[in-house]
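Working through the structure, step by step
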There are 2 protein chains.
Amino acid sequence: MAISGELLIGGTRVRKAETFSAFNPATGQALSPAFSAAGQTEVEQACELAWAAFHVYRELDPELRAKFLETAADQIMALGDELLERAHAESGLPLARLTGERARTCNQLRLFAAELRYGGWMGLRIDPALPDRKPLPRSDLRMRKIPLGPVVVFGASNFPLAFSVAGGDTAAALAAGCPVIVKGHSAHPGTSELVASAVTAAVQACNLPAGVFSLLNGNSRALGAALVAHRHVKAVGFTGSRAGGLALMKIASERPEPIPVYAEMSSINPVVLLPDALDTRAEALGTEFVGSLTMGAGQFCTNPGLVLAVEGPALDRFVASASTALQGSVPQVMLTAGIHSAYAKGVEQLEQHASVTVLARGEDKPGINRGRGALFSIAAEEALKHEDVMAEVFGASSLLVRCADDAQLARVLDHLEGQLTATLLLTDKDIAMAQRLLPTLERKAGRVIVNGWPTGVEVCHAMVHGGPYPSTADGRSTSVGTLAIERFLRPVCYQDFPDALLPAALQANAPKRPRRIDGVYTID
Amino acid sequence: MAISGELLIGGTRVRKAETFSAFNPATGQALSPAFSAAGQTEVEQACELAWAAFHVYRELDPELRAKFLETAADQIMALGDELLERAHAESGLPLARLTGERARTCNQLRLFAAELRYGGWMGLRIDPALPDRKPLPRSDLRMRKIPLGPVVVFGASNFPLAFSVAGGDTAAALAAGCPVIVKGHSAHPGTSELVASAVTAAVQACNLPAGVFSLLNGNSRALGAALVAHRHVKAVGFTGSRAGGLALMKIASERPEPIPVYAEMSSINPVVLLPDALDTRAEALGTEFVGSLTMGAGQFCTNPGLVLAVEGPALDRFVASASTALQGSVPQVMLTAGIHSAYAKGVEQLEQHASVTVLARGEDKPGINRGRGALFSIAAEEALKHEDVMAEVFGASSLLVRCADDAQLARVLDHLEGQLTATLLLTDKDIAMAQRLLPTLERKAGRVIVNGWPTGVEVCHAMVHGGPYPSTADGRSTSVGTLAIERFLRPVCYQDFPDALLPAALQANAPKRPRRIDGVYTID
């Protein structure tokens, strides 16, 4: 299908005089067509439509919402290679990676469809009446969770499919019963339009109210700010920079009615190399580490930006292996010119830092927006004095913190900010030390990994992709996995309702879903 | 036991030069002894102790935390009549009410003990490894919820037991594994000290780290502000005024690390009298309503401060009945002189409002700090023009909104702010109208009640005592019932952990708790 450059507001294509362009980061060339930039009028339209749709959509039979999500997945697949090629042109990401990301995006929609049918998300609780209880009878009390209202989702630059128009937050919000307005990322508006057309086709095929979904493209901060400030918007999902996330949190907290912002902001994902693991496989760890570090030009929220280990010959072997691997790594096209220049600046600051040593750089090949990998080291004592070196440099840059002993390593960990992940490389002999470190790692991170690498986030039930501030705005939540639906729900209690007035899910003849009766889980 | 006036910081009694007094609101007399006022030094001590205790307390076997909560309940009961008499002297609340409140407080602790043993609160999820999956194997992923860290709980004036030192938030936080620092309400410091001594005795009897619990008394705003700002504090529970709650939310959001504030702030708890219910039992509804309105001098967060109905003879009968009942109601001692004067001022503002009619006042008897009930009415059209009349007047004041028809009634409901509760009085013939109103009521309130009155909050599994802003700071949560434990927890995912390194609850030989395996609930 042809990319028109139009906005998609509740199923209607809207063209604006004000436009902006996408660029191919591999060439620096502008890509056609020009894209309409949404303004306050479109914000108002999309929010009003979403508000009107909310009242219908939120009470749909979960089966219908499940079919809608599956139809959206089918429609995304039906876009075929055009979607992958456009995403490749707009992001510089390889087609193979984008093929995998598309599969993940569709699996994510299907997993939420399954969760909708299963019903665990409803959080049903029933405390039946106790009319004869003394001194007072107990009322019949029933709880379910209901959606918050329209949700604004900000597309992320680094996952043009899986964290963008039909990505994790969109899937979770639509599953919860919340209409979604996507503020498309300005780097991949064509990809956004294609996916939005697929979601819109699903809305129409399922006869849903048009306002269930809108895409507003634009490249101004004012657009995002207006969406977050709109009275009909009840929650926000965001993945991006810390400055961007903090700005949205501030807007949301200063509204007449504050709303939750689920912002995923920055993380350096500490990796701890434990002594026996280093002793027994320093070389392999060095190679594997560089694989994780340079994957996708390092443009993952879970990129391993910090490595901690105790000094010694084994660590030297790791450094030698990692340095060799990195020196052989080909620079990759980064997502945008802005991201590339921020990366180059971040690397340069570390290079020039008096306490930081450059261990290795990736190959230096010609071409614009190429991110050369970078590995640095610092003595733990210096790192504790200059905590700013342990901040995210978005891209394939990592800092090795050389510790004098276990205690110093633990001290550095204790000084870290909140993280999405923490990783332990260990053998059986390292378990005792890992046990000592785990309480700190748990406190700092949403996911702790053993003998793997942090890049790669499984979409499943037990996943937590979240973590204490500032890795996210709200460490009580996850943006990946079925638990993500809870961020868009709140509980309501129904007291002494006649059966006919109860929500369908709480009526006597409701389909049997997992529920707690007098506190006890009951599954039929 | 003698009330010493001292602070209780991690089991140590601390006396300060700066003191303040409690007053008997029935007499205006100061009560002995003088109470030490905590300052920055004590904030630092309590927070440091709480932080140190957190690391041990959070990983205790849940059975030990359950025993601790039960021991605290036993110790509170062991305080005997002294507790009730002191609470009566400090709050003016009748002994019968305080006896019931004590039972509720202890039941609450015991209910959380039961939840700890049952394990539903842990949110366990296990997605076993799929080593043969194509194109990529799946890791073993396991989730549990862990506590946030030390919690500050502000004692509430209107529940010196159930929402104070060992009240709902304290019970939920201690159950979750969070040490608690209580900022005692300055109106009942003696009650606070007694309950704190009971909790401290339980800490000692159970050999817990001393910092698990502290009580800081004081009558300055700076004390509360310093606690909320402290780096070791990770969440806040508050029940009180909107101004107070908003001030704490601001402090919490401006910290280097923002933290959640669960503030319960204000609610007028709309009650809708449906036509057939009015027709068939207007007189009874009038009497019941006044019973709920004047209970406890109206000093409940769930007090029915707003009544909506369609004009007509049946509504006139309700008004006549309610007016008669209210005129016969004896004024009751309010909690503090400040609360009494704010109530008197709020009532006076309504009395003088050009669009508001006084329907009835309670009896006018001599005595200080007595709250005379007040019932007002306003035409719906006027209410929509002057929305400020639909604001909380804390005490036994309520406003009847006379609506021309169903549509106008629905419009008024749609204009309301977020509420803790909404109530429908109905018969079978009113169900269709109730069905039309329910979507709005659900959207506005945390609990919807049929044919009851909002005062009276059951402590159970299905209860929601919470609601959209500004009734609370965060409508995704409840402060009463077992679901309240979730406000102090966050999920963590463990990827490919060897069994020995896993938290006990996720190990292969863990006690069988409710859990989702591959998304499916499993209960042994």
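Here is what the cut-offs are and how they apply
Residues numbered from 1 in each chain as written. Chains lettered and ligands numbered in written order. Predicted model: local features only at pLDDT ≥ 70, side-chain atom pairs only at ≥ 80, totals over all residues. Heavy atoms only, no water. Helix = DSSP H or I, 4+ residues; strand = E, 2+ residues; numbered from the N terminus. Rg over C-alpha atoms; globule rule 2.2 N^0.38 Å. Buried < 20%, exposed > 50% of the residue type's maximum accessible area, 1.4 Å probe, protein only. Contact = heavy atoms within 4.5 Å. Areas by Shrake-Rupley, 256 points an atom, 1.4 Å probe, with all protein chains shown as cover. Lys, Arg positive; Asp, Glu negative; His and termini not counted. Charge placed at Lys NZ, Arg CZ, Asp CG, Glu CD. Core = buried A, V, L, I, M, F, W, Y, C linked by side-chain atoms within 4.5 Å. Buried area = accessible area lost by both parts, 1.4 Å probe. Salt bridge = Lys/Arg side-chain N within 4 Å of Asp/Glu carboxyl O. Polar contact = N/O pair within 3.5 Å; in protein donor to acceptor, adjacent residues only side chain to side chain. Nonpolar A, V, L, I, M, F, W, Y, C, P; charged D, E, K, R; others polar. Pairing = 2+ DSSP bridges. Right-handed = clockwise from strand over helix to strand, strands pointing away. Axes fitted to C-alpha atoms, helices over the stretch in contact; angles between N-to-C directions. Phe/Tyr/Trp six-rings, centres within 6.5 Å; stacked < 30°, edge-to-face > 60°. Least-squares fit on C-alpha atoms with pLDDT ≥ 70 in both. Parallel < 35°, antiparallel > 145°, perpendicular 65-115°, else oblique. Disulfide = S-S within 2.5 Å. pLDDT = per-residue confidence, 0-100.

Brief notes about the overall build of chain A
- Secondary structure assignment for chain A yields 14 helices and 23 strands.
- Here the C-alpha radius of gyration of chain A, 24 Å, is about what a compact globule of 524 residues would show, namely 24 Å.
- Relative to its full complement of 524 residues, chain A shows a buried share of 64%.
- Contacts in chain A between residues far apart in sequence, at least 24 positions, make up 76% of those at least 6 positions apart.
- Working note: accessible area of chain A is about 17500 Å², and carbon and sulfur atoms make up 55% of it.
- Positive and negative side-chain charges of chain A, numbering 48 and 53 respectively, have mean locations separated by a distance of 5 Å.

Observations concerning the nonpolar core
- Formed by 133 residues in total, the largest nonpolar core has its most connected members in A:Phe68, B:Leu273, B:Phe318, B:Met390, B:Val401 and B:Leu424.
- Grouped together as the second largest cluster of nonpolar side chains are 132 residues, A:Leu416, B:Leu109, B:Ile485 and B:Leu501 included.

Concerning the interface of chain A and chain B
- On the side of chain B, 78 residues touch chain A, which itself brings 78 residues to the contact.
- For the pair chain A and chain B, the summed buried area comes to about 6200 Å², and 58% of that belongs to carbon and sulfur atoms.
- Taking the shortest distance from any N to any O, the salt bridge between A:Glu442 and B:Arg144 comes out at 2.5 Å.
- The interface formed by chain A and chain B holds 42 residue pairs in polar contact (both at pLDDT 80 or more) in total.
- Every element with two or more residues in the side of chain A that touches chain B is listed here: helix H1 (40–57), helix H4 (95–118), strand E5 (124–127), strand E6 (141–147), helix H14 (431–444), strand E20 (445–450), strand E21 (489–495) and strand E23 (520–522) of chain A.
- Among the residues making up the side of chain A that touches chain B, the classes are represented as 44 nonpolar, 10 polar and 24 charged.
- Two elements, E20(A) and strand E21 (residues 489–495) of chain B, share 3 bridges in a ladder whose sense is parallel. Looking across to E21(B), one finds that A:Ile449 is bridged to B:Gln495.

What about the pairing of strand E10 (residues 235–239) of chain A?
Residues and elements named next belong to chain A.
- Within E10, 5 of the 5 residues are buried, which leaves it mostly tucked inside the rest of the structure.
- Here E10 shows two buried faces, one formed by Ala235, Gly237 and Thr239 and the other by Val236 and Phe238.
- Summarising the sheet, E10 and strand E11 (residues 261–264) pair through 4 bridges and their orientation is parallel. Each bridged residue has a counterpart across the sheet, and for Thr239 the counterpart in E11 is Glu264.
- Handedness of the crossover joining E10 and E11 through helix H8 (residues 242–254) is recorded here as right-handed.

Focus on the sheet that holds strand E1 (residues 7–9) of chain A
All names here are of chain A.
- With mixed pairing, the 7 strands of this open sheet are ordered in space as E2-E1-E9-E8-E7-E10-E11. Since the sheet does not close on itself, it has two edges, and those belong to strand E2 (12–14) and E11, each with one partner. Strand-to-strand twist across the sheet, computed as the mean angle between neighbouring axes with direction ignored, equals 20°.
- In this sheet, strand E9 (residues 213–216) lies alongside E1 in antiparallel orientation, the contact comprising 2 bridges. Paired with Ile9 across the strands is Ser214, a residue of E9.
- Packed onto the sheet, helix H5 (residues 168–176) meets strand E7 (151–154), strand E8 (180–183) and E10 and runs at close to 165° relative to E8.
- Contacting E1, E2 and E9, helix H6 (residues 189–205) runs over the sheet at an angle of about 165° to E9.

Observations concerning helix H7 (residues 221–229) of chain A
- Looking only at H7(A), the buried set comprises A:Leu223, A:Gly224, A:Ala226, A:Leu227 and A:Val228.
- Where H7(A) is buried, its residues meet H1, E7, E8, E9, E10 and H8 of chain A.

What about the packing of aromatic side chains?
Residue and element names in this part refer to chain A.
- Under the counting rule described, the total for this entry stands at 23 aromatic pairs over all chains.
- Ring centres 6.2 Å apart and planes at 90° place the aromatic pair Tyr57 and Phe68 in the edge-to-face group. In this pair, Tyr57 sits in helix H1 while Phe68 sits in helix H2 (residues 62–78), placing the two residues 11 residues apart along the sequence.
- Relative accessible area serves as the criterion here: at 0%, Phe68 is assigned to the buried category.

Re the sheet that holds strand E7 (residues 151–154) of chain B
Residues and elements named next belong to chain B.
- Across the sheet, which stays open at both edges, the 7 strands sit in the order E2-E1-E9-E8-E7-E10-E11 with mixed pairing between neighbours. Among the strands making up the open sheet, the edge pair consists of strand E2 (12–14) and strand E11 (261–264). The sheet shows a mean angle of 20° between the axes of neighbouring strands, direction not considered.
- Strands E7, strand E8 (180–183) and strand E10 (235–239) of the sheet are contacted by helix H5 (residues 168–176), whose axis makes an angle of about 165° with E8.
- Docked against the sheet, helix H7 (residues 221–229) engages E7, E8, strand E9 (213–216) and E10, running at close to 160° with respect to E8.

Considerations on the relation of the copies chain A and chain B
- Of the transformation superimposing chain A on chain B, the axial component is 0.0 Å and the angular component is 180°, with the fit at an RMSD of 0.0 Å. Both copies of the chain, as the preceding transformation shows, are related through a two-fold rotation axis.

Some points on the packing of helix H2 (residues 62–78) of chain B against helix H4 (residues 95–118) of chain B
Residue and element names in this part refer to chain B.
- Remark: H2 packs on H4, axes separated minimally by 8 Å, with the N-to-C direction vectors making an angle of 170°. One way to sum up the angle between H2 and H4 is to call them roughly antiparallel. Residues Pro62, Glu63, Arg65, Ala66, Lys67, Leu69, Glu70, Ala72, Ala73, Asp74, Ile76 and Met77 of H2 lie in contact with H4, whose contacting residues are Arg102, Cys106, Leu109, Arg110, Phe112, Ala113, Leu116 and Arg117.
- Residues belonging to the contact of H2 with H4 are distributed by class as follows: 12 nonpolar, no polar and 8 charged.

Description of the pattern of salt bridges
All names here are of chain B.
- Considering all chains together, one arrives at 74 salt bridges over all chains under this definition.
- Of the charged contacts, one joins Arg231 and Glu48 as a salt bridge, the two residues approaching to 2.8 Å between their closest N and O atoms. Linking Arg231 in the loop between H7 and E10 with Glu48 in helix H1 (residues 40–57), this pair joins segments that are 183 residues apart in sequence.
- Residue Arg231 is classed as partly exposed on the basis of its relative accessible area, which comes to 46%.
- For Glu48, a relative accessible area of 33% corresponds to the partly exposed category.
- In this structure, the salt-bridge partner of Glu59 is Arg58, at a minimum N-O distance of 3.8 Å.
- For Glu59, a relative accessible area of 39% gives the class partly exposed.

A closer look at the packing of helix H13 (residues 406–415) of chain B against helix H14 (residues 431–444) of chain B
Residues and elements named next belong to chain B.
- Interhelical geometry of H13 versus H14 gives an angle of 10° and a closest axis separation of 9 Å. Between H13 and H14, the angle is such that the two are roughly parallel. Between H13 and H14, the contacting residues are Asp406, Leu409, Ala410, Leu413, Asp414 and His415 on the first element and Met433, Arg436, Leu437, Thr440, Leu441, Arg443 and Lys444 on the second.
- Here the residues of the contact of H13 with H14 are counted per class, giving 6 nonpolar, 2 polar and 5 charged.

A short note on the state of the cysteines
- Taken as a whole and assessed by the stated rule, the structure comprises 0 disulfides over all chains.
- Residue A:Cys206 stays outside any disulfide, its sulfur separated by 15 Å from that of A:Cys106, the closest cysteine.
- The cysteine B:Cys460 is free of any disulfide, with A:Cys493 supplying the nearest cysteine sulfur at 6.6 Å.

Considerations on the side chain of A:Ser323
All names here are of chain A.
- Secondary-structure assignment places Ser323 in helix H10 (residues 313–327).
- A relative accessible area of 9% places Ser323 in the buried class.
- Those residues within four positions of Ser323 in sequence are excluded, and the remaining contacts are Leu359 and Ala360.

Notes on the confidence of the model for chain A
- Across chain A, pLDDT averages 97, with 100% of residues at or above 70.
- On the interface metric, ipTM, the complex scores 0.98, and its pTM is 0.98.

Focus on the side chain of B:Glu458
- Along the chain, the position of B:Glu458 falls in the loop between strand E20 (445–450) and E21.
- The exposure class of B:Glu458 is buried, given its relative accessible area of 17%.
- There is a polar contact of 2.6 Å between the side chain of B:Glu458 and the side chain of A:Arg133.
- With near-sequence residues (within four places) excluded, B:Glu458 lies in contact with A:Arg133, A:Arg138, A:Leu141, B:Met463 and B:Val480.

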